[in-house]
Amino acid sequence: MSIYGIYLLLALLACGAGIVFLLLRRRPGFDSEPDQDPRTIDEQEAPDTAEVDLQTSMSSLPDAVMLIGERLQLRWANKSAHTLFGIEPDFPSNEPVWQLVNLPGFREYLIRQDVTESFNCVAPSDHNLWLEVRIAPYRAGQFLLQGRDITRIRQLEQIRRDFIANTSHELRTPLSIIYGYLEMMQEEPVENIGSQWQPAVRQMYEQTERIKQIIDDMMLLSRLEDVDSIIEQTHISMAPLMQRACADAKALAKPKNQKVTCSIDENYSLHCNEQEIQSLVMNLISNAVRYTPDKGTIAITWAVDLIGGRLSVSDTGIGIEDKDIPRITERFYRTDPARSRAAGGTGIGLAIVNHIVNRHQARLFITSKPGRGSEFSVQFPADKIQADHEQVNLLLN
Ligand code: ADP
């Protein structure tokens, strides 16, 4: 190639790189800082008729509304937005909106531009107020931001949680005394309590045990629901935890002659709250045992790959109909209440599982076929997994 040919090639490469760079910079949030606006402030601030109509209709809404421009700058804000977000009346129109609003996490939320996600925060203007922020697309590259005062909703949620936690706590002490006496009476020789009372004592004992379990589950659920409670997480070696769960599963399944298989990837730790993960696994295992007929099979797996860690419990049980799957994590939702009660269920197990899943930024997947069985899988993100040594796959039967 001649020297001119090389010059031409270099010139073409430089042009190509320039075009790619310009295209990338046009994407909102590309470098998380707004571009310098080539237009004058007057040009930028001139709203057309549609935008003026929008501003007129939104100006006196009780919710905060902001119109955010292509470079994430604030174009316009209604009265409530000025009050709730503490925006000055003469805000600079070229500044990105997060520089006008003092809110940790707000900048990252705006850059993600995920319309399905909401952002809850304390109002910058008043630390007693809670706001729920959402965004919706407006015109190309622009969007509307809505901020709703959710202080009352949060207060009511807190009152409900406190009520459940306090009531459960108050019921627990007298119930423990009744339970203790019934346990003693159960163990008494039949001539001491009279043969006619023996079945009644046994039933009272079983029902008291059930109430105790419901109260314990309700207390755990209200603690998990408390979004303000700090969750202590450390790296927990998963193999010993899963092996203990497998041993418990085998003991639970024994009276029903069910087979339990366990496949556990060794040498991986999960960044989690150990007690919560134990509770999650045991809830899934006790459901699998409860809803699988005698001689069925239950498979427990802990596997790690590039996506993250997957914990799953599958069974060959009664299965769940498609219409019920989205609802079974609601508290007290049961596909067959009589069957659940008879099997000793409290109706809260999967609500607990769901909360623990969310608190660990994990996802719960449920697949099932009525009459064939179900699989409950919890997928933990890769950044929560730490490899200790080499992966060894153990098959314990
Ligand atoms: P329960 O204490 O009633 O089992 P859960 O919250 O643990 O409450 O589960 C809710 C409902 O989901 C159950 O009542 C049952 O109908 C259904 N379910 C949960 N796990 C299984 C499973 N492994 N197989 C079939 N149905 C299940």
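This text follows the structure it describes.
If you're wondering where the values come from, they're calculated on a predicted model, not measured in any experiment.

Engineer: Would you mind showing me how to read the site of the ligand here?
Structural biologist: Taken together, 20 residues form the shell around the ligand, and within it Tyr291, Thr335, Ser340, Thr346 and Gly347 come nearest. Contacts to the ligand include arginine 290, whose side-chain N or O atom sits 3.1 Å from an oxygen atom. One nitrogen or oxygen atom from the main chain of threonine 346 is found 2.8 Å from an oxygen atom belonging to the ligand. Contact with the protein chains removes 99% of the 530 Å² of surface that the ligand exposes when unbound. Under a 2 Å grid-point criterion requiring more than half of the atoms, the pocket assigned to the ligand is the largest pocket. Elements that contribute at least two residues to the shell around the ligand include exactly α10 (274-290), α12 (349-359) and β12 (373-381). Taken together, the residues of the shell around the ligand sort by class into eight nonpolar, nine polar and three charged.

Engineer: Would you mind going over the sheet that holds strand β6 (residues 234-237) with me for this structure?
Structural biologist: The pairing of strands in a sheet happens through backbone hydrogen bonds and is either parallel or antiparallel. Reading across the sheet, the three strands line up as β6-β8-β13 and stay open at both edges, with antiparallel pairing between neighbours. Two strands bound the open sheet, and with one partner strand each, they are β6 and β13 (385-387). Recorded for the sheet is a direction-independent mean angle of 35° between the axes of neighbouring strands. Pairing of strand β8 (residues 268-272) with β13, which is carried by three bridges, proceeds in the antiparallel orientation.

Engineer: Got a minute to help me understand the state of the cysteines in this structure?
Structural biologist: Think of a disulfide as a covalent bridge from one cysteine sulfur atom to another cysteine sulfur atom. Within the structure shown, the criterion is met by one disulfide. The residue that forms a disulfide with cysteine 246 is cysteine 262, at a sulfur-sulfur distance of 2.1 Å. Since a negative S-S torsion denotes a left-handed disulfide, the cysteine 246-cysteine 262 link at about -125° is left-handed. Remark: cysteine 262 occurs in strand β7 (residues 259-265) and cysteine 246 occurs in helix α9 (residues 238-253); sequence separation between them is 16 residues. Judged by its relative accessible area of 2%, cysteine 246 falls in the buried class. Here cysteine 262 falls in the buried class, since its relative accessible area comes to 1%.

About the thresholds
- Residues numbered from 1 in each chain as written.
- Predicted model: local features only at pLDDT ≥ 70, side-chain atom pairs only at ≥ 80, totals over all residues.
- Heavy atoms only, no water.
- Near = heavy atom within 4 Å.
- Polar contact = N/O pair within 3.5 Å; in protein donor to acceptor, adjacent residues only side chain to side chain.
- Areas by Shrake-Rupley, 256 points an atom, 1.4 Å probe, with all protein chains shown as cover.
- 1 Å grid on protein atoms, 1.4 Å probe; cavity = no way out; pocket = protein on both sides within 12 Å on 5 of 7 lines; lining within 4 Å.
- Sits in = over half its atoms within 2 Å of the grid points.
- Helix = DSSP H or I, 4+ residues; strand = E, 2+ residues; numbered from the N terminus.
- Nonpolar A, V, L, I, M, F, W, Y, C, P; charged D, E, K, R; others polar.
- Pairing = 2+ DSSP bridges.
- Axes fitted to C-alpha atoms, helices over the stretch in contact; angles between N-to-C directions.
- Disulfide = S-S within 2.5 Å.
- Buried < 20%, exposed > 50% of the residue type's maximum accessible area, 1.4 Å probe, protein only.

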